[in-house]
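This is what each chain is made of:
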Amino acid sequence: MSQHYAITMPQLSDTMTEGVVVTWEKQPGDKVERGDIVATVETDKAIMDVEVFKAGYLAGPLADVGATIAVGAALGYITDTAGDVAIAAGEVVEEQAQTEMIPHHAGTPVVMPQLSDTMTEGVVVTWEKQPGDAIRRGDIVATVETDKAIMDVEVFQEGFLSGPIADVGSVVEVGHPMAFIVDDAAKANDTGVTISAEHKVKDIHKVAPHAADKPATIPVPKAAPAQVAAAGNQPPVARVPGRPASPYARKVAAQLGVNIAGLAGSGPAGVIVAADVARARPSMQEVAHSLPQVDVPGQGRNMTSMEKAVSHAMTASLTLPTFNVTVNIDTSKLTAAAKANKVSVTVAIAKACSVAMAKFPRMNWAYQPVDKLVERANHDFGVAVMSNDGGLVVPILHGIEKKPLAALQGDWTGLVERARVRKLAPAEYSNPTFTISNMGMLGVSHFTAIPTPGISAILAIAANGPQGTPFTITGDHRVLNGADVALYLATLKQTIEAPENWISGEASGARSEAANAPATHGAPAVSPIPEGNWDFPVVVVGGGPGGEDCARDLADHGIKVLMVNNEPFPGGECLWRGCIPSKAWRAAADVIRNRAHDAEMGVDGTNTPKLNWAQVEKHRRWVQTSRGEMALKADKGMKIDVREGYGEFVDAHTLKITPVEGEPYQVTFGAAVIATGAPAFVPPIPGARENLASGGVVTSDTIWNLAAPPKKLGIVGGGVIGVEMAQIFRDFGTEVLMLERHERILAEIEEEIGKVLIASLEKEITVVTSAAINEVSGKPGAMKLRYANKEGIESTFDCDVVLMATGKRPDTSRLNLDKIGVALDGAAIKVDARCQTSAPHIYAVGDVIGGYMLAHTAATQGRVAADNLLGHASEYDQDRDCGVTFSRPQAGFVGLSVAQAKAKGIDAVEAKMPMSIDAKAMITGETEGMIKLVADKASGRIIGVHYLADHTDTLIGIGVMMVAGEMTLTQVAKAIFPHPTQTELFGELARRLLNRLRRTAKK
């Protein structure tokens, strides 16, 4: 007889009494496994997946989609008989199939983070918080084991931890919930689920708190090594919350490079002891002796220390998955250059390997058990030489990346003497970061070398042949892939075959004046980051768009970067005080403004929208917080060392960091990028600066503190910020007065575009140009703005608040630029087109250098600086930059206007079309404005596009590509644009301008 089980509507919370069926994910007759999702339902909290934990076949009758089902009532049934698709009418089913609901959004999900490109799932190792615990931004709630390491799971949402919580040991897919954060402790539930390796729910239960004296970690290892030692003065690793470890264990961990976060402790009450740390990284001797040993007849002698080290290393090398890549290189020029500089070819090759490795630092990394990578900046290369008894010995040249050839030759001479008689000290043959073996000196035409644990690559150099000298790298596939090695060898080939680009002056350690001077043409052969034993090759001071893009590009190329930011999250002014929050307000204002068009298009009753300021602000803050969290996660995922604090220079290669909490400290660097932005400028108007503290006067940095839109707003300054804010608050219902001391507002915008926009603005707000602002006084809510017009007639404007929209000005007073030799141009840092300052190893980008103070400009300059630091010549070209003023309609520009072009000696022509003739603009009632196309008359190349249109922020992308891509009028005229869209105006403009040029050419 068939058995049937009812699938009942589960209860998610105490307040839930019923749910609505949204979808059926299975159909009657489908086979159902434990943990399968059979349906989704909408509750009083969210839309939820309904999971069942009874195997069988889905049977009806199923509740209809859209039906409201009481908690405990049947949604459908599970039967144990295939083909049984419905329960018979009147059949009583008392048994229930266990069900559970996993919320799509019952609060904010804590998802399994993707901590590497290859990661698809993670294993829950510990929960550092329990259901109901209060969660603060930045809290570590769990640790997970990835394909790389054991990592902390950090959250940036405040609230309370809530179930369903994935049990320790559960395998969770990347992006899938591990738990949830709710905004009310009363909403938290303590449900736990066990998820299998197949990502199926195996069990549901109440979460039991961990015992205080027993951390939930991996099982305790069985065997202990015979001896543990920690040498040197390296400080112990930091304590890890929830992982008690003895001081000596932490010292051993520092010495061996072991992360104690993932270790189990075998000491009293689970304390991690030194033996636990040593187990995590066995020595080569332990690995070698754990492999099968074959007895050999005869009387053996004891090996020397060096012989034992080589034996253990060679045996342990069997554990490495390796591959080989070969290129042929012409070494004749390097040989001649080495001879001219009185150094051995061996030393020159080692230095060339180091120079090439600056662009491919991964070649110098190593795999570390278990599933960790050691990222090393020190180039300590083992170089094989022949001993007097005929064997190969591998002494180590230390610090190749920072020593000149002459110093390396001195080191090498002594090493070779000791190596030939096998008198090397352990430090002189232990722990290389890369190895070079030149058996070509023995006439060997081709060979592959064997890498040992502790390096990821070994270079084998064979004898010179008709096609050059074969250079073969054997790589550890856990660290390197074929592309890594191929690209490195290609760069090494260029480095060896063109030694004049880097070897000049290396022998003496001197750098020529030309090498120190900023280059203006051609790509440098090697990275200009000064060599040295720095804490960081590059530090970036400032975490806005300029600093962040620079740091990311450098990190993308393997450069170790520190980014110091004076805020908890990156994003700078753009995210927290500029572009993003203002556009969130603009979006709300647009919704209000757009309702005026509805009646024209036949939609009545929408012309009285009501502003919900609390929701506007909630949405704004959500956008900012979400993007800030995304940016920080991305930065850390790229291994950028992000630190909060103020940075100031102590000397040319030292930066002092003052954190928000704790004592100031210093780091050393090779090169630096300054990206500190520019604060809002408040001119010396009587009462203006004095009223900043009270809030009666606000700037673009502080306007976000407004509790509500003012009824009356006075704006001083008629630039982009002032105009955007004027229209936003006008749409919010505010009366606005704008004062501008110059003859016209929007001086930054192309003249005709500006005149049309100003005429539109003056219909909405009061604009007084050539104004003298005499005084600002009062208190928040009752401010007075006293001013005189160009005729000298004085007036007073009573308002709630005054906005000083008087632009921005760099403030470098805290940077101590005099200590590093960086010159200023007025208030801004002086740079060249490569964003290089007067100090060759210091670059500056973004608002701090003046010019266009725009987020995308800063980001572009950040990438330019990174390019140059990586050794690739790159320049910022302001003539191809762009910008949008988020007025209504929106003004925008790409490249040059006719006036700007003619000032540069370019014979430029333009064509313009009004938006009123565009079909799509007519349909939507957005016919105000125009688009202008500017071209070089001689070449037909498009050099500028100017906009006044309601969707400039979308349309401008086409102008950017035309100017950046150096497209011609003919190319754009022949392009096919879709109809009806506003983009077809570009083709029409190009054809119109081409026709005009053809007609005028005939005369």
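Please read all numbers here as calculations on a predicted model, not as lab measurements.

Participant: Can you break down the overall build of the protein chain residue by residue, with the values?
Facilitator: Along its length, the protein chain carries 21 helices and 53 strands. Across the 1003 residues that make up the protein chain, the buried fraction comes to 47%. Contacts in the protein chain between residues far apart in sequence, at least 24 positions, make up 64% of those at least 6 positions apart. Working note: accessible area of the protein chain is about 46300 Å², and carbon and sulfur atoms make up 53% of it.

Participant: Lay out the sheet that holds strand E30 (residues 457–461) with the relevant residues and their values.
Facilitator: Taken together, the six strands give an open sheet; going across it, the order is E22-E31-E30-E29-E25-E28, and neighbouring strands pair in mixed fashion. Each edge of the open sheet carries a strand with a single partner, namely strand E22 (322–329) and strand E28 (396–397). Packed on one face of the sheet, helix H8 (residues 482–497) meets E22, strand E29 (434–438), E30 and strand E31 (469–476) and runs near 25° to E22.

Participant: Can you lay out unusual backbone geometry for me, pointing to particular residues and giving the numbers?
Facilitator: The linkage connecting Gly163 with the following residue, Pro164, adopts the cis geometry, with an omega of 0°. By secondary structure assignment, the location of Pro164 is in the loop between strand E16 (159–162) and strand E17 (165–166). Here the residue pair His979 and Pro980 is connected by a cis peptide bond, since its omega of -5° sits within 30 degrees of zero. In this fold, Pro980 is placed in the loop between helix H20 (969–974) and helix H21 (984–1002). Although it is not a glycine, Cys835 sits at a positive phi angle of roughly 70°. Mapping Cys835 onto the fold places it in the loop between strand E47 (828–829) and strand E48 (842–844). Its identity is not glycine, yet Glu966 carries a phi of approximately 55°, on the positive side. For Glu966, the location among the structural elements is in the loop between helix H19 (952–964) and H20. For Glu966, a relative accessible area of 40% puts it in the partly exposed group.

Participant: I'd like a description of the pattern of salt bridges, backed by residues and values.
Facilitator: By the definition in use, this model includes 39 salt bridges. Note that Glu988 is salt-bridged to Arg991, the shortest N-O span being 3.5 Å. Remark: Arg991 and Glu988 occur in helix H21; sequence separation between them is three residues, near one turn of the helix. For Glu988, a relative accessible area of 32% puts it in the partly exposed group. Taking the relative accessible area as the measure of exposure, Arg991 reaches 33% and is therefore partly exposed. Here the salt bridges share partners, and the residues they tie into one network are Arg586, Asp590, Arg593, Asp731, Glu764, Arg888 and Asp950.

Participant: I'd love a proper account of the packing of aromatic side chains, names of residues and values included.
Facilitator: Here the distance between the centres and the angle between the planes together describe a pair of aromatic rings. This model, assessed by the stated rule, comprises 12 aromatic pairs. Ring centres 5.9 Å apart and planes at 90° place the aromatic pair Phe729 and Phe732 in the edge-to-face group. Owing to a relative accessible area of 0%, Phe729 belongs among the buried residues under this scheme. Classification of Phe732 as buried rests on a relative accessible area of 11%. Ring-pair connections join several aromatic residues into one group, and the members of that group are Trp585, Trp613, Trp704, Phe729 and Phe732. Against the face of Phe536 rests Lys560, its NZ or CZ located 5.0 Å from the ring centre.

Participant: Residues and numbers for the side chain of Thr472, please.
Facilitator: You can see Thr472 is positioned in strand E31. Judged by relative accessible area, which is 1%, Thr472 ranks as buried. A polar side-chain atom of Thr472 sits 2.7 Å from a polar atom in the side chain of Thr326.

Participant: Mind laying out the environment of Val767, listing which residues take part and the relevant values?
Facilitator: Counting through the fold element by element, Val767 comes out in strand E41 (residues 766–768). Expressed as a C-alpha distance, the spacing of Val767 and Ile745, which sit 22 residues apart in the sequence, is 8.6 Å. When neighbours within four sequence positions are excluded, Val767 is seen to be in contact with Met738, Ile745 and Glu762.

Participant: Give me the lowdown on the nonpolar core, citing residues and values where you can.
Facilitator: Cys353, Phe434, Ile436, Leu459, Phe471, Tyr488 and Leu492 are the most contacted members of the largest nonpolar core, which totals 48 residues. The leading source of residues in this core is helix H6 (residues 345–357), at nine residues. With near-sequence residues (within four places) excluded, Cys353 lies in contact with Phe381, Phe434, Ile436, Leu459, Tyr488 and Leu492. Counting 34 residues, the second-largest nonpolar core is a separate cluster that includes Val698, Leu706, Ala805 and Met930.

Participant: Quick one: what's the story with the state of the cysteines, residue by residue and with numbers?
Facilitator: Enumeration according to the criterion identifies zero disulfides in this entry. Cys579 forms no disulfide, and the closest cysteine sulfur to it belongs to Cys574, at a distance of 3.2 Å. What makes Cys579 partly exposed here is its relative accessible area of 29%. Unpaired in terms of disulfides, Cys835 finds its nearest cysteine sulfur in Cys550, a separation of 9.0 Å. Accessibility expressed as a relative area gives 1% for Cys835, which makes it buried.

Participant: A description of the environment of Lys712 should follow, citing residues and the corresponding values.
Facilitator: For Lys712, the position within the fold is in strand E39 (residues 712–716). Beyond its immediate stretch of four places on either side in the chain, Lys712 contacts Thr734, Glu735, Phe797, Asp798, Cys799, Asp800 and Val801. A distance of 3.1 Å separates a polar atom in the side chain of Lys712 from the backbone oxygen of Asp798.

Participant: Provide a residue-level description of helix H12 (residues 579–594), including the pertinent values.
Facilitator: Taking 1.5 Å of rise per residue, the 16 residues of H12 would be expected to cover 22 Å, and the 21 Å separating its terminal C-alpha atoms lies within 8% of that figure. Of all the positions in H12, only Pro581, Ser582, Ala584, Trp585, Arg586, Ala588, Ala589, Asp590 and Arg593 are classed as buried.

Participant: An account of the confidence of the model for the protein chain is needed here, citing residue identities and associated values.
Facilitator: When the pLDDT values of the protein chain are averaged, the result is 84; 87% of them are 70 or greater. Counted against residues more than four places away or in other chains, residues 210–231, with its pLDDT under 50, gives 41 contacts. In the predicted structure, residues 507–526 sits below a pLDDT of 50 and forms 28 contacts with residues beyond four places in sequence or in another chain.

Participant: Hey, could you go over the side chain of Thr433 for me, with residue numbers and the actual values?
Facilitator: Along the polypeptide, Thr433 turns up in the loop between helix H7 (405–420) and E29. You can call Thr433 buried: its relative accessible area is 2%. Engagement of the side chain of Thr433 in a polar contact is seen with the backbone oxygen of Asn378, the distance being 3.5 Å. The residues touching Thr433, leaving out its near neighbours within four places in the chain, are Met363, Asn364, Arg376, Asn378, His379, Asp380, Phe381 and Ile455.

How each quantity is defined
Numbering of residues starts from 1 in every chain and runs along the sequence as written. Two thresholds apply to this predicted model, a pLDDT of at least 70 for residue-level local features and 80 or more for giving and counting side-chain atom pairs, whereas whole-chain, interface and lining totals are computed over all residues. Hydrogens and water molecules were not included; the side-chain quantities draw on all heavy atoms of the structure. Helix and strand definitions follow DSSP, with helices as H or I runs of at least four residues and strands as E runs of at least two, each counted in order from the N terminus. Classification of residues uses two cut-offs on accessible area relative to the type maximum, computed with a 1.4 Å probe and protein chains only: under 20% is buried, over 50% is exposed, and between them is partly exposed. Contacts were defined at the residue level, with two residues in contact if any of their heavy atoms lie within 4.5 Å. Method for areas: the Shrake-Rupley scheme with a 1.4 Å probe, in which residue coverage is limited to the protein chains shown. When DSSP finds at least two bridges between two strands, those strands are taken to pair. In this analysis, axes come from line fits to C-alpha atoms, helices being fitted only over the stretch in contact, and the angle between any two N-to-C directions falls in the range 0 to 180 degrees. Here, a salt bridge means any side-chain nitrogen of Lys or Arg that lies within 4 Å of a carboxyl oxygen of Asp or Glu. Here the aromatic set is Phe, Tyr and Trp, taking the six-membered ring for Trp, and pairing holds for ring centres within 6.5 Å; pairs whose planes are under 30 degrees apart are stacked, those over 60 apart are edge-to-face, and all others are tilted. We call a charge positioned over a ring when the NZ of a Lys or the CZ of an Arg lies within 6 Å of the ring centre and within 35 degrees of the ring normal. Side-chain atoms alone can form a polar contact between residues adjacent in sequence; in general such a contact is a pair of N or O atoms within 3.5 Å, and within protein one must be able to donate a hydrogen while the other accepts it. Here, nonpolar core refers to any group of buried Ala, Val, Leu, Ile, Met, Phe, Trp, Tyr and Cys residues whose side-chain atoms link them within 4.5 Å. Disulfide assignment relies on a single distance test, namely cysteine sulfur atoms paired within 2.5 Å. Multiply 1.5 Å by the residue count of a helix minus one, and that product is the helix's expected span. Across the chain, each position has a pLDDT score giving the predictor's confidence in that residue, from 0 to 100.

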